[in-house]
Amino acid sequence: MSTRVDPQPITEDRPTVQIGRSIPRLESLEKVTGETEYIHHLRLPHMLYGKIFRSSVAHGRILKLDTRAARELPGVAAVITGADVCALIPEPYYGPAFHDQPVLAIDKVRYVGEPVAVALSEDPHLAEHAANLIEAEYEELPAVFDEVEAAAATDTFVHDALKPAGTFPDLKHLQGRTKTNVALDFSLRHNDAERGFEQADYIFEHVFRTPAAIHAAMEPIVAVGEPRGSSAVTIHTSSQSPSFVRTEVARLLGWPENHVRVRTAFLGGGFGAKLYIKLEALVAVLALLVKRPVKIALTMEEQFYTITKHATTVRMKSGVTKAGKVVARRCEAWWNGGAYADIGPRVTQKSGFTAAGPYDIENVSLDSYAVYTNLPPAGAFRGFGIPQLVWAYESHTDIIARELELDPLEFRRANILRNGRPQATGTIMRDTATVEVLDTLERAMDWKAPRDPGDGNVRRGRGVAIGFKACIAPTTSVAIVNIYGDGSCAVYCGTVDMGQGSDTAMAQIAAEVLGLDPRAISVIHPDTDVTPYDMATLGSRSTFHMGNAVRLAALDAREKLFIMAGKALGCDPGLLSAAGGCVRAPDGRQLSVGEVIKSGFLMQAGNLIGSGSFRPTYTSPSHGDGQSSDITPFWMVGAVGADVEVDMETGHVRVTRLVSVADVGTVINPAIVTRQLNGGAVMQLGLTMSEALRFDHGQVTNASLADYKIPGILDVPAEIFAEAAPGCQHSGPFGAKGAGETGTFAVSPAIANAIHDATGVRIYDLPLTPEVVYRALRAAQHNPLENEL
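Computed from a predicted structure; not experimentally measured. (Residues numbered from 1 in each chain as written. Predicted model: local features only at pLDDT ≥ 70, side-chain atom pairs only at ≥ 80, totals over all residues. Heavy atoms only, no water.)

Topic: the packing of helix 12 (residues 408-415) against helix 13 (residues 434-445)
Point 1. Viewed as axis vectors pointing N to C, helix 12 and helix 13 meet at an angle of 165 degrees, and their least axial separation amounts to 10 Å. Between helix 12 and helix 13, the interaxial angle falls into the category roughly antiparallel. You can see that helix 12 and helix 13 cross each other, and the crossing is left-handed. Of the residues in helix 13, those in contact with Leu409, Glu410, Arg412 and Arg413 of helix 12 are Leu438, Asp439 and Glu442.
Point 2. Its residues assigned to classes, the contact of helix 12 with helix 13 comprises two nonpolar, no polar and five charged. (Axes fitted to C-alpha atoms, helices over the stretch in contact; angles between N-to-C directions. Helix = DSSP H or I, 4+ residues; strand = E, 2+ residues; numbered from the N terminus. Parallel < 35°, antiparallel > 145°, perpendicular 65-115°, else oblique. Left-handed = near helix turned anticlockwise from the far one by under 90°. Contact = heavy atoms within 4.5 Å. Nonpolar A, V, L, I, M, F, W, Y, C, P; charged D, E, K, R; others polar.)

Following this line, the structure appears as structure tokens:
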């Protein structure tokens, strides 16, 4: 088995063949013919459907739960409550950061929509009818909804005590606390911010806000629990983290991990909503209680109550010299985590230490707070908190540039963080194409060219923004490459293909090493009884982490193949090469891979198995000042340019052009990367222009796609363009790194900066709806010296 724990490059002195090719996705035909497997389609014999009865109050004690009418309804197999769960699991609390979330509510509810009971029936409509017959009485308690107010609260607390999970190395520092709504407070200090402000000629200070939002994947969150006797269970789930699900469910049940099998298939989108535990613990418990398979698939409305994007409040303060150099920056960020922490503390820390932006600032002070409130839980969302911070620091950066009458792009270039310089954590930047991204964006936008500002009711403007993100660390990926007796090959890995094309990328990496056609390689989907461990498919980590593991596994398999071929060809294995499905000797003699294996096993039989494990190095940040010499294995950089037209009478904004430029290292599959960048940009376009959860005393008031507007085809700019900037991540597989989130980083501030360029109006809170823009325009019209909202 090949193992690598350091970030040094794995190099081969030969040109690549499969890397950089836009081969079609391996699953394309299956998807267009409707043959692709999704857990949502799964039906098992004797399966029951579960429908959830949910809380109607934001914070309260459960005084009475009446399930009698539901239980007596003909065709109802069972009605399960928190008391039933406790009979099986005495401490039924789960979570990746804190064990704070019950499988079903116990004694208290902490947000509107929290699961309280489940009705089971062979008929899903009957189960839903039964759930509607359940009645509950609550003693309502004071609730907190705003993240800043909740953090400062002294008498209203969402949880009586916090119990850290201790699962992940980067979260082991979390502490048990009482009488607080702050789950984690992360601080970073780089030199002396106060001294930097004293040295500055200008001080700028602003507050920016982003709302909660939902992931809105096409396939809903769904899971099926299948009991295997009384001491084993299989969970079929649309999960991005099957390895974690196995670990956590086994912990809850007090079982060894090999008694819990977790399998998934293709996902119809995930975007972070399907990470960690969502329905998996619930369906496992239900299946074990009723001794039958149980399926729960959430409706679109229920997904609004299950997991959201963090709402944020971010306060930015910067000190700048007359020469346009940013010498000090302070940032305070409050993350609205809702009633349960989920992975919010990691978002708070990992995104928090980038809050100064991709700039070389000598004096930095950052404080980031994960806060409990009585709203639906917030967790991972495409970008992992970075778009919220980029909205703040890139709007703030543009304000500074324009007030100092500096070109916004040149101001960014003058302050940009370059390779060889320390980021605010102290980690030295390497293989990070910040300069190349800005240069490419300038060219793609034709930034210096004259432009038409518009006239009359329609004004035109353009804006730019740039953001960066650190990859999650420390995490591990393990892969197996299996060469079969006929020379065909399979890759076994825990990476979940949820539309991002990971199956194809992994096949290309293995094919490059083994000299095969990627389309001849099958990728075995995650099944914890079959595929090895992977931390999760999240945070743009898979190309780098699993890609390195697959490459190591393929190298391991190839070494064994060459040893076998060396005997057959009478040649030193170290002189052999693999290409075109054959193993070749220096003198030109060759055998197909299948022929090599037949020579070793004397028939079409046996397997050549290679394995690889990859974990990059990591140094935890100091708890005093957040400093670390090795905070991340790689950085992602994304910049966006936007052209807009603004109707000065209605406030309607039309994005006419959207350009995304990203540092993705070496591009494995250009077509897939382009789609990822454009897809991320369009997703963030929705979060910029229209998407926001609306609450009334904790109740979501727009929990449907009729009232919650995601982008449609008519909302996509007429001109949308994505380009990878020149770059190479030398520690990545063939120089590659992740691309799944980079397109989301800078969309929102680029558009807001373009609106300001067109109208002179600055908006600080997302989304940029016509009403918001209209009100800002009217306010500026009546108060021309106060044209900011």
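Quick word on the pairing of strand 14 (residues 260-263)
Point 1. Examined bridge by bridge, strand 13 (residues 233-237) and strand 14 share four bridges and lie parallel to one another. Paired with His236 across the bridge in strand 14 is Arg263.
Point 2. Where the polypeptide runs from strand 13 across helix 7 (residues 242-253) and back to strand 14, its parallel neighbour, the crossover connection is right-handed. (Pairing = 2+ DSSP bridges. Right-handed = clockwise from strand over helix to strand, strands pointing away.)

Looking at the environment of Ile751
Point 1. For Ile751, the location among the structural elements is in helix 18 (residues 747-759).
Point 2. Counting along the chain gives 111 residues from Ile751 to Val640, while the straight-line C-alpha distance between them is 8.8 Å.
Point 3. Leaving out residues up to four positions away in the same chain, Ile751 has contacts with Ala642, Val644, Val655, Leu685, Thr688, Met689 and Leu768.

Quick notes on unusual backbone geometry
Point 1. In this model, Ala473 is joined to Pro474 through a cis peptide bond whose omega is -5 degrees.
Point 2. Relative to the assigned elements, Pro474 resides in the loop between strand 20 (458-470) and strand 21 (477-483).
Point 3. The backbone phi angle of Tyr276 is positive, close to 60 degrees, even though this residue is not glycine.
Point 4. Residue Tyr276 is classed as buried on the basis of its relative accessible area, which comes to 1%.
Point 5. One non-glycine residue with positive phi stands out, namely Leu602, at about 65 degrees.
Point 6. Mapped onto the elements, Leu602 comes out in the loop between helix 16 (593-601) and strand 27 (608-614). (Buried < 20%, exposed > 50% of the residue type's maximum accessible area, 1.4 Å probe, protein only.)

As for the pattern of salt bridges
Point 1. Evaluation of the coordinates by the stated rule reveals 45 salt bridges.
Point 2. Among the ionic pairs, Arg412 bridges to Glu394, the shortest N-O distance being 2.6 Å. With a gap of 18 residues between them, Arg412 in helix 12 and Glu394 in helix 11 (residues 386-403) connect regions that are remote in the sequence.
Point 3. Salt bridges sharing partners connect three or more residues here, namely Glu394, Asp398, Arg402, Arg412, Arg451, Asp757 and Arg762. (Salt bridge = Lys/Arg side-chain N within 4 Å of Asp/Glu carboxyl O.)

Side note on the nonpolar core
Point 1. Counting 216 residues, the largest nonpolar core has Ile296, Val646, Ile751 and Leu768 as the members making the most contacts within it.
Point 2. Per element, the largest residue contribution to this core is 14 residues, and it comes from helix 15 (residues 542-569).
Point 3. Val646 has contacts with Asn457, Val458, Arg459, His652, Val653, Ile755, Ala758, Thr759, Val773 and Leu777, leaving out every residue within four places of it along the chain.
Point 4. Core analysis: the second largest hydrophobic core is formed by 16 residues, Ala105, Val116, Ala117 and Leu126 among them. (Core = buried A, V, L, I, M, F, W, Y, C linked by side-chain atoms within 4.5 Å.)

Topic: the packing of helix 11 against helix 18
Point 1. Where helix 11 meets helix 18, the axes come as close as 8 Å, and the angle between the chain directions of the two elements is 30 degrees. By the angle between their directions, the pair helix 11 and helix 18 is classed as roughly parallel. Two packed elements cross with a definite hand, and for helix 11 against helix 18 that hand is right-handed. Residues Val390, Trp391, Glu394, Ser395, Asp398 and Arg402 of helix 11 lie in contact with helix 18, whose contacting residues are Ser748, Pro749, Ala752, Asn753, His756 and Asp757.
Point 2. Within the contact of helix 11 with helix 18, the residues separate by chemical class into four nonpolar, four polar and four charged.

Here we look at the domain arrangement of the protein chain
Point 1. Considered domain by domain, the protein chain is made up of domain 1 (2-36 + 475-614), domain 2 (41-143 + 219-303) and domain 3 (428-469 + 633-780).
Point 2. The C-alpha centroid of domain 3 is placed 37 Å from the C-alpha centroid of domain 2.
Point 3. Contacts between the two partners involve five residues from domain 2 and, on the opposite side, six residues from domain 3.
Point 4. Carbon and sulfur atoms make up 74% of the surface buried where domain 2 meets domain 3, a total of about 430 Å² over both sides.
Point 5. For the interface between domain 2 and domain 3, the tally reads zero salt bridges.
Point 6. On inspection of domain 2 and its partner domain 3, the count reaches zero residue pairs in polar contact (both at pLDDT 80 or more).
Point 7. For the side of domain 2 that touches domain 3, the residue count by class is four nonpolar, no polar and one charged. (Domains from an automatic or database assignment. Buried area = accessible area lost by both parts, 1.4 Å probe. Polar contact = N/O pair within 3.5 Å; in protein donor to acceptor, adjacent residues only side chain to side chain.)

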